[in-house]
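Residue-level structural notes
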Amino acid sequence: MSRAFVNEDNAAADADQPVERLISEQPNYVTASGLEHLQRRVAELQAHHSEIAALDQDNDKQHLADLERDLRYFNQRLQSAQVVTPAISTEKVQIGSWVTYADEDNTEHRVQLVGEDQADAAAGLINWASPLGRALMGAQLGDEVLWKRPAGDQDIEIILIEPDV
């Protein structure tokens, strides 16, 4: 058998393996609710994995491999989680703070700075290490900060800082 066929066989086998999820190099800061979110996610994945594994059907092998990849990722994120002290300041933005800011059009937006795995922009949960999160982090009430966005920089004003309740 030529070497070319062996490599093709190995390439086909590798194609069946799911690509590992990349782990952020940022510190894994999480709020208390972010830690609960990670714990729930791991439990859900473990339960789903057990259900699929119990079926022992060949057509579920790819799904099982995907679940195992996600379990590796979320278990690692859970192990590296650094729970931050609850945000209680109404003067300075920190992870967990709810922040109301006004953009250049005087439109108000309310967001909470959270960890990477808890982030959900549609729900107003913003990753503390995102461009908006970095602009807000450490800002004080009344500050104008520069939000460096891919769509163009924008000045925003901190109107209200609320604790993580």
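By the naming in an unreviewed UniProt entry, the protein is GreA/GreB family elongation factor, taken from Pseudomonas folii.

**Some thoughts on unusual backbone geometry**
For Asn106, which is not glycine, the phi torsion reads 65 degrees and is therefore positive. Topologically, Asn106 is positioned in the loop between strand S3 (98-102) and strand S4 (108-114).

**Notes on the sheet that holds S3**
The pairing of strands in a sheet comes from backbone hydrogen bonds and takes either a parallel or an antiparallel form. In spatial order, the strands read S5-S4-S3-S7-S6; together these five strands make up an open sheet with mixed pairing. Each having just a single partner strand, strand S5 (125-127) and strand S6 (144-147) make up the two edges of the open sheet. If you compare each strand with its neighbour and ignore which way they point, the axes differ by 45 degrees on average. Here S3 pairs with strand S7 (residues 154-162) via five bridges, running antiparallel. Its bridge partner lying in S7, Ala102 is registered against Glu157.

**Here's the deal with the packing of helix H2 (residues 32-55) against helix H3 (residues 61-80)**
Across the interface, H2 lies against H3 with an axial gap of 9 Å and an inter-helix angle of 155 degrees. As the angle between them shows, H2 and H3 are arranged roughly antiparallel. The two elements H2 and H3 cross, and the hand of that crossing is left-handed. Of the residues in H3, those touching H2 at Leu35, Leu38, Gln39, Arg41, Val42, Leu45, Gln46, His48, His49, Ile52 and Ala53 are His63, Leu64, Leu67, Glu68, Asp70, Leu71, Phe74, Asn75, Arg77 and Leu78. Within the contact of H2 with H3, the residues separate by chemical class into eleven nonpolar, six polar and four charged.

About the cut-offs
- Residues numbered from 1 in each chain as written.
- Predicted model: local features only at pLDDT ≥ 70, side-chain atom pairs only at ≥ 80, totals over all residues.
- Heavy atoms only, no water.
- Helix = DSSP H or I, 4+ residues; strand = E, 2+ residues; numbered from the N terminus.
- Pairing = 2+ DSSP bridges.
- Axes fitted to C-alpha atoms, helices over the stretch in contact; angles between N-to-C directions.
- Parallel < 35°, antiparallel > 145°, perpendicular 65-115°, else oblique.
- Left-handed = near helix turned anticlockwise from the far one by under 90°.
- Contact = heavy atoms within 4.5 Å.
- Nonpolar A, V, L, I, M, F, W, Y, C, P; charged D, E, K, R; others polar.

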